[in-house]
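Next come the chains, spelled out residue by residue.
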Amino acid sequence: MDDLKAKYLGQIADAGDENTLEAIRVAAVGKKGEVALKMRELGKMTPEERQVAGPALNALKDEINSALSAKKAALADAALDERLRTEWLDVTLPTRPRGQGSVHPISQATEELTAIFAELGFSVAEGPRIEDDWYNFDALNIPGHHPARAEMDTFYMHRAEGDNRPPHVLRTHTSPVQIRSMEKQGAPIRVICPGGVYRADYDQTHTPMFHQVEGLAIDKDISMANLKWVLEEFVKAFFEVDDVELRFRASHFPFTEPSAEVDIRCSWDNGQLKIGEGDDWMEILGSGMVHPKVIAAGGIDPEVYQGFAFGIGIDRLAMLKYGIPDLRAFFDSDLRWLRHYGFAALDMPNLHGGLSR
Ligand code: PHE
């Protein structure tokens, strides 16, 4: 027994890694290990012999086991020390240069406009991209036969044959979040709802998936004048200029009355897109006073409350602000494009520090 002890404790002390240690464990105290074999011999002994040999074997087994676990812990410590020695990191070094990963212009624009509307007292609300057609259409005063359903080139979700429930759609605008916000928080409300929307459309300024930010303000005394002021303040802050030229055009949306579309003055010379100059206008948003039927659909009393809503194309804003002529490039995932137009990941846009330095 003393030989066994000396042999295994010696091997354990010399073991240089966990695999060796495990092999020693199996050979010594495993089910068919040497100590187990010795234990089997107990049966052939006289009771007196057994009384001495039994406890001694158990003690040997315990001793080997604890030597194993002590060595295992020591090996783990040594491995950790080795990692700490080789994988150290100098946290006082400057961060990596730009271009190692950057913020997409759409994310950047979304952060910027969120910062601006936060300053104006709007909080952020969100809704699902796969939307119930009631939220996307009916609740917004767009009944089944309404031409707006066709005009929007809606993507309908597949329904199993025989499933007669109303269809789900990929939301065609962020306006359904108006209804969801009204249902959820009641009046008064001041929210913006940024997010992706979908329409079957594809050219230089249209992609099947794009981004909008909805705005909704509901209270007892909100007017069209408030809407106009908020939009003007927003556009000036977003483009970081003292004035940009906006054109409010009377328009029609089923969910607002009256309605206005807003265009921004721009030029497209030589494929370069610039804001604030030139003879072109780019439509950037739709807006108006929320239709009483829509307020009622949201569960709020339209006799008491009124408000404005708007829907802005985020991608359009980003194109204009950063001079990106083709919307489709936003979604190509071309790394060279992303490195060129991307933003430093650690600069959080805010109105005091600057939006897009
Ligand atoms: N939902 C409209 C669109 O996608 C925009 C809009 C929002 C218009 C809110 C008025 C009020 O075109």
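About the cut-offs
Residues numbered from 1 in each chain as written. Predicted model: local features only at pLDDT ≥ 70, side-chain atom pairs only at ≥ 80, totals over all residues. Heavy atoms only, no water. Helix = DSSP H or I, 4+ residues; strand = E, 2+ residues; numbered from the N terminus. Buried < 20%, exposed > 50% of the residue type's maximum accessible area, 1.4 Å probe, protein only. Contact = heavy atoms within 4.5 Å. Phe/Tyr/Trp six-rings, centres within 6.5 Å; stacked < 30°, edge-to-face > 60°. Lys NZ or Arg CZ within 6 Å of the ring centre and 35° of its normal. Salt bridge = Lys/Arg side-chain N within 4 Å of Asp/Glu carboxyl O.

*Asks:* Break down the environment of K274 for me, with residues and values.
*Replies:* Looking at where K274 falls in the secondary structure, it is placed in strand 8 (residues 274–275). The exposure class assigned to K274 is partly exposed, which follows from its relative accessible area of 40%. As a C-alpha pair, K274 and K321 span 47 residues in sequence and 7.8 Å in three-dimensional space. The contact partners of K274, leaving out residues within four places of it in the chain, are R265, C266 and S267.

*Asks:* Lay out the packing of aromatic side chains with the relevant residues and their values.
*Replies:* Summed over the entire model, instances satisfying the criterion amount to twelve aromatic pairs. Each ring, one from F234 and one from F238, has its centre 5.7 Å from the other, and the planes form 35 degrees; the classification is tilted. Placement of the pair is F234 and F238 together in helix 9 (residues 224–239), with a separation of four residues, close to one helical turn. Accessibility assignment for this pair places F234 and F238 in one class, buried. Members of the aromatic cluster, connected to one another through ring pairs, are F117, F122, F234, F238, F239, F308 and F310. Seen from the ring of Y135, R180 lies directly overhead, with NZ or CZ sitting 3.9 Å from the centre. One residue, K228, lies across the ring of F248, its end atom 5.3 Å from the ring centre.

*Asks:* Provide a residue-level description of the side chain of Q178, including the pertinent values.
*Replies:* Looking at where Q178 falls in the secondary structure, it is placed in helix 8 (residues 176–185). Residue classification places Q178 among the buried positions, given a relative accessible area of 1%. If near-sequence neighbours (up to four positions away) are discounted, Q178 is found in contact with E214, L216, V290, V294 and A309.

*Asks:* So, the pattern of salt bridges: which residues are in play, and what are the values?
*Replies:* Under the definition given, this model contains 18 salt bridges. Its salt-bridge partner being K321, residue E112 comes within 2.6 Å of it at the nearest N-O pair. Taken as a pair, E112 in helix 5 (residues 105–119) and K321 in helix 11 (residues 314–322) lie far apart in primary sequence, 209 residues in all. Owing to a relative accessible area of 0%, E112 belongs among the buried residues under this scheme. As a salt-bridge pair, E245 and R265 come within 2.7 Å of each other at their nearest N and O atoms. Linking E245 in the loop between helix 9 and strand 6 (246–253) with R265 in strand 7 (residues 256–267), this pair joins segments that are 20 residues apart in sequence. Taking relative accessible area as the criterion, E245 reaches 38% and is therefore assigned partly exposed. With relative accessibility at 19%, the residue R265 sits in the buried group.

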